[in-house]
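Inside the fold
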Amino acid sequence: SVYRATTTAPVNIAVIKYWGKRDTTLNLPTNSSLSVTLSQRSLRTLTTASCSAEYPPADTLNLNGSPQDIQSSKRTLACISNLRALRKALEDADSSLPKLSAHPLRIVSENNFPTAAGLASSAAGFAALVRAVADLYELPQSPKDLSRIARQGSGSACRSLMGGYVAWRTGELADGSDSLAEEVAPASHWPEMRAIVLVVSAEKKDVPSTEGMQTTVATSALFAERAQNVVPERMAAIETAIQNRNFHDFAEITMRDSNTFHATCLDSWPPIFYMNDVSRAAVRLVHDINRVAGRTVCAYTFDAGPNAVIYYEDKDSEVVAGTVKAILGPNTEGWDGAFYERVANVT
Ligand code: DP6
């Protein structure tokens, strides 16, 4: 017989960025981070995990229709072996359970957005993989417990096992057992929140984030300042802003932290550039929209690539989403890729 579980996981976009590891195998971060989970109707990974004694002996993984070499992905192997060990412990404690831990696994995963778009696909991807296998194995662990495993796939993936506003606490222990994600507030706490995702370039990232953050850790003096002295205060302040649904403070902290993160990239040696001319046009436009509105109605943030995510509240969707789409379209000077935008609720 074949055992099977299917699940989806959302994309999350950090407003306080994770950048830098103190342990590169366990993906233990140098600073806490906080993200907003986007609606799965817009962006998600769909994953089916199955296992059977009748499958050929090796575990397999298929991503968007292409078979992957699991053996060369230490991160995928780490997630699978952690999940299998938890299942094995259940089987050892209850001999009536089928011995699924002994069966080869088959994992099939697909995104509902273009992978080439450079969106945070590894976060949703590893979160969906961990959730699907945990469901297949009927594991009792909470999303917070499972975030420890998803983190080993990709750091940011630990924040995609929960909805709403999610904090990933650095933790202090060397084994990473206290480096976990937790929900700060559910999406229903601030239902007006929206995000527009603007893909300004469909090209592959210049420097992959894993490699980029290692260069920053090794060479940037600004990096230590951000991790030790800037982020802790921002984490506390943005959590307060979220609790109070204070968009002005939420927006300012979000924009400042995106800028500080990209400043540490520029301060790396050799310097790393993720934002391009269109990204900078988006920054100027957001500040212009806020100035003309006479209050803060929108905020930008950029990950390890040129694409912009702009947060705003539903009541301001016309002035924000309307203006952004009208002005920052494919006619913008410096445009070098496909235009792709989606409005997402927080989920
Ligand atoms: C800029 O989670 O992709 O998006 O742990 O090496 O897989 P690895 O890195 P990854 O880095 C994400 C970096 C970021 C900021 C963030 O999502 O917090």
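Residues numbered from 1 in each chain as written. Predicted model: local features only at pLDDT ≥ 70, side-chain atom pairs only at ≥ 80, totals over all residues. Heavy atoms only, no water.

Following the criterion strictly, the structure yields zero disulfides and no others. No disulfide involves Cys 51; its sulfur sits 17 Å from that of Cys 79, the nearest cysteine. The buried category is assigned to Cys 51, whose relative accessible area is 0%. This cysteine, Cys 265, is not joined by any disulfide, and Cys 158 carries the nearest cysteine sulfur, 19 Å off. (Disulfide = S-S within 2.5 Å. Buried < 20%, exposed > 50% of the residue type's maximum accessible area, 1.4 Å probe, protein only.)

The next point concerns the packing of helix H5 (residues 221-243) against helix H6 (residues 247-266). One way to put it is that H5 packs onto H6 with a least axis distance of 10 Å and a crossing angle of 165°. In terms of orientation, H5 lies roughly antiparallel with respect to H6. Helix-helix and strand crossings are classified by hand; for H5 and H6 the assignment is left-handed. Of the residues in H6, those touching H5 at Leu 222, Phe 223, Arg 226, Val 231, Arg 234, Ala 237, Ile 238, Ala 241 and Ile 242 are Asp 249, Phe 250, Ile 253, Thr 254, Arg 256, Asp 257, Thr 260, Phe 261, Ala 263 and Thr 264. Of the residues contributing to the contact of H5 with H6, the split by class is eleven nonpolar, three polar and five charged. (Axes fitted to C-alpha atoms, helices over the stretch in contact; angles between N-to-C directions. Helix = DSSP H or I, 4+ residues; strand = E, 2+ residues; numbered from the N terminus. Parallel < 35°, antiparallel > 145°, perpendicular 65-115°, else oblique. Left-handed = near helix turned anticlockwise from the far one by under 90°. Contact = heavy atoms within 4.5 Å. Nonpolar A, V, L, I, M, F, W, Y, C, P; charged D, E, K, R; others polar.)

Turning our eyes to something else, we now look at the packing of aromatic side chains. By the definition in use, this model includes nine aromatic pairs. Aromatic pair Trp 19 and Phe 261: ring centres 4.8 Å apart, planes at 55°, arrangement tilted. Here the residue Trp 19 occupies a position in the loop between strand S2 (12-16) and strand S3 (21-23), and Phe 261 occupies one in helix H6, the gap between them amounting to 242 residues. Exposure remark for Phe 261: the relative accessible area of 2% places this residue in the buried category. The rings of Tyr 165, Trp 190, Phe 247, Phe 250 and Tyr 311 are connected pair by pair, giving a single aromatic cluster. (Phe/Tyr/Trp six-rings, centres within 6.5 Å; stacked < 30°, edge-to-face > 60°.)

Below, the discussion takes up the site of the ligand. Every one of the 18 residues lining the ligand counts as a neighbour, but Tyr 18, Lys 21, Ser 154, Ser 156 and Thr 210 are closest to it. A distance of 2.7 Å is found between an oxygen atom of the ligand and a backbone nitrogen or oxygen belonging to Gly 155. Ser 156 is positioned such that a nitrogen or oxygen atom in its side chain is 2.7 Å from an oxygen atom of the ligand. Bound to the protein, the ligand loses 94% of the 460 Å² it would expose on its own. The leading source of residues in the shell around the ligand is helix H4 (residues 209-219), at three residues. Partitioned by chemical class, the residues of the shell around the ligand number six nonpolar, seven polar and five charged. (Near = heavy atom within 4 Å. Polar contact = N/O pair within 3.5 Å; in protein donor to acceptor, adjacent residues only side chain to side chain. Areas by Shrake-Rupley, 256 points an atom, 1.4 Å probe, with all protein chains shown as cover.)

So, about the nonpolar core. Residues Leu 34, Phe 250, Ile 310 and Tyr 311 are the most contacted members of the largest nonpolar core, which totals 51 residues. In terms of residue count, the dominant contributor to this core is strand S12 (residues 193-199) (six residues). One finds Leu 61, Ala 132, Leu 139 and Leu 146 within the second-largest nonpolar core, a separate group that totals 43 residues. (Core = buried A, V, L, I, M, F, W, Y, C linked by side-chain atoms within 4.5 Å.)

Their axes nearest at 7 Å, the elements helix H1 (residues 74-93) and helix H3 (residues 143-153) cross at an angle of 155°. Considering their axes alone, H1 and H3 lie roughly antiparallel with respect to each other. Of H3, the residues touching H1 (which contributes Arg 75, Ala 78, Cys 79, Asn 82, Leu 83 and Leu 86) are Leu 146, Arg 148, Ile 149, Gln 152 and Gly 153. For the contact of H1 with H3, the class distribution of residues is six nonpolar, three polar and two charged.

For the rest of this paragraph, the subject is the pattern of salt bridges. Counted by the stated rule, this structure contains 17 salt bridges. Its salt-bridge partner being Asp 135, residue Arg 131 comes within 3.0 Å of it at the nearest N-O pair. Of the two residues, Arg 131 and Asp 135 both sit in helix H2 (residues 121-136), four residues apart, roughly one turn of that helix. Exposure remark for Asp 135: the relative accessible area of 32% places this residue in the partly exposed category. A salt bridge links Lys 144 to Glu 182; the shortest N-O distance between them is 3.1 Å. Here Glu 182 lies in strand S11 (residues 181-185) and Lys 144 lies in helix H3, a separation of 38 residues in the sequence. Given a relative accessible area of 25%, Glu 182 falls into the partly exposed group. Here the salt bridges share partners, and the residues they tie into one network are Lys 144, Arg 169, Glu 182 and Glu 239. (Salt bridge = Lys/Arg side-chain N within 4 Å of Asp/Glu carboxyl O.)

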